[in-house]
Amino acid sequence: FYHALEIVPKTSRVNNKAFLFLPPWEDHDFALLYANLVLKKIGFDVVNVGQSISFESILQCIEKIKPDLLFTTFIVGQKVTQLQKFCDDINSNSSCKLFYAGNPDLLRLVNTHGKVFFSLNEFDSYFSNLSIIEEILLSNEYCIKLVKSPKNINNSNWSNIFLFSLFFSKRI
């Protein structure tokens, strides 16, 4: 995926900034990488800080980058009060559009103050309705044999995407 991020052509459809990050307790970054590909492809300037970033650093990035869009995921279970506080704090410290994905069981328990994606298909159709993996990974013949498009993945929820990422990273 890192090579794909470098070679993805940026279109001029959108000229906005996207800030992608994981909450301090998360370390499952496949969804961020995929979101990075999709958003860059449709023209966003993407800043993806990934995992292991403190909440204070997230707020500093929001202030410095001034993004139009924030995207993060909740995969690992946390107390509902901690998730809600995180969502409330992000909302009160940002004026941009908020987007969340991840474990549907967790996301249904909190008010994220933003758009929630419960599946990869939902994310794709919201942003571009493109088969992004097929377009971007053309340079890697093995990857194309493994995955023709996101629709070939059993993507009833983002947990499946995480499981796919484990398989994908071990095969390449």
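Above this text is the structure in question.
What counts, and where the lines are drawn
- Residues numbered from 1 in each chain as written.
- Predicted model: local features only at pLDDT ≥ 70, side-chain atom pairs only at ≥ 80, totals over all residues.
- Heavy atoms only, no water.
- Salt bridge = Lys/Arg side-chain N within 4 Å of Asp/Glu carboxyl O.
- Buried < 20%, exposed > 50% of the residue type's maximum accessible area, 1.4 Å probe, protein only.
- Helix = DSSP H or I, 4+ residues; strand = E, 2+ residues; numbered from the N terminus.
- Expected span 1.5 Å × (residues − 1).
- Axes fitted to C-alpha atoms, helices over the stretch in contact; angles between N-to-C directions.
- Parallel < 35°, antiparallel > 145°, perpendicular 65-115°, else oblique.
- Left-handed = near helix turned anticlockwise from the far one by under 90°.
- Contact = heavy atoms within 4.5 Å.
- Nonpolar A, V, L, I, M, F, W, Y, C, P; charged D, E, K, R; others polar.
- Pairing = 2+ DSSP bridges.
- Right-handed = clockwise from strand over helix to strand, strands pointing away.

Novice: Looking at this structure, I do not really get the pattern of salt bridges. What am I missing?
Specialist: Should the charged atoms of two oppositely charged side chains come close, the side chains can pair. The tally for this structure, following the rule as stated, stands at 2 salt bridges. The salt bridge partner of E122 is K115, with a shortest N-O separation of 3.3 Å. The class of E122 is partly exposed, set by a relative accessible area of 27%.

Novice: Just to check I follow, could you spell out helix 2 (residues 30-41) for this structure?
Specialist: Taking 1.5 Å of rise per residue, 12 residues should cover 16 Å, and helix 2 covers 17 Å from first to last C-alpha, within 8% of that figure. Within helix 2, 11 of the 12 residues are buried, which leaves it mostly tucked inside the rest of the structure. Looking at the residues trailing helix 2, positive phi occurs at G43, about 110°.

Novice: What's the story with the packing of helix 2 against helix 6 (residues 120-127) in this structure? I'm lost.
Specialist: The description of two packed helices rests on the angle between their axes and on the distance between the axes. Where helix 2 meets helix 6, the closest approach of the two axes is 10 Å, and the angle between their N-to-C directions is 20°. With respect to each other, helix 2 and helix 6 are oriented roughly parallel. For helix 2 against helix 6, the interelement crossing comes out right-handed. On helix 6, the residues that touch Y34, A35, V38 and L39 of helix 2 are L120, F123, D124 and F127. Of the residues in the contact of helix 2 with helix 6, the class split is 7 nonpolar, no polar and 1 charged.

Novice: Would you explain unusual backbone geometry in this entry?
Specialist: Backbone geometry follows two general trends: most residues other than glycine have a negative phi, and most peptide bonds adopt the trans configuration. Phi is positive for K66, close to 55°, though the residue is something other than glycine. Unlike most non-glycine residues, H113 shows phi in positive territory, near 65°. Mapped onto the secondary structure, H113 falls in the loop between helix 5 (104-107) and strand 5 (115-117).

Novice: Just checking my understanding: could you explain the pairing of strand 1 (residues 17-21) for this structure?
Specialist: Two faces, one strand: in a regular strand the side chains alternate between the faces of the sheet. The buried fraction of strand 1 is high, at 4 of 5 residues. Across 5 bridges, the pairing between strand 1 and strand 2 (residues 45-50) is parallel. Bridge pairing links F19 to V47 in strand 2. Taken together, strand 1, helix 2 and strand 2 constitute a β-α-β crossover, and its handedness is right-handed. Looking at chain direction, strand 1 and strand 3 (residues 69-74) are connected through 3 bridges and run parallel.

Novice: Hey, could you run me through the packing of helix 3 (residues 55-65) against helix 4 (residues 80-92) in this one?
Specialist: The interhelical angle for the contact between helix 3 and helix 4, taken along N-to-C directions, is 25°, at an axis separation of 11 Å. By the angle class used here, helix 3 and helix 4 are roughly parallel. Crossing of helix 3 against helix 4: the hand is right-handed. Contact residues: helix 3 offers F55, I58 and I62, while helix 4 offers F86, D89 and I90. Looking at the contact of helix 3 with helix 4 residue by residue, the class counts come to 5 nonpolar, no polar and 1 charged.

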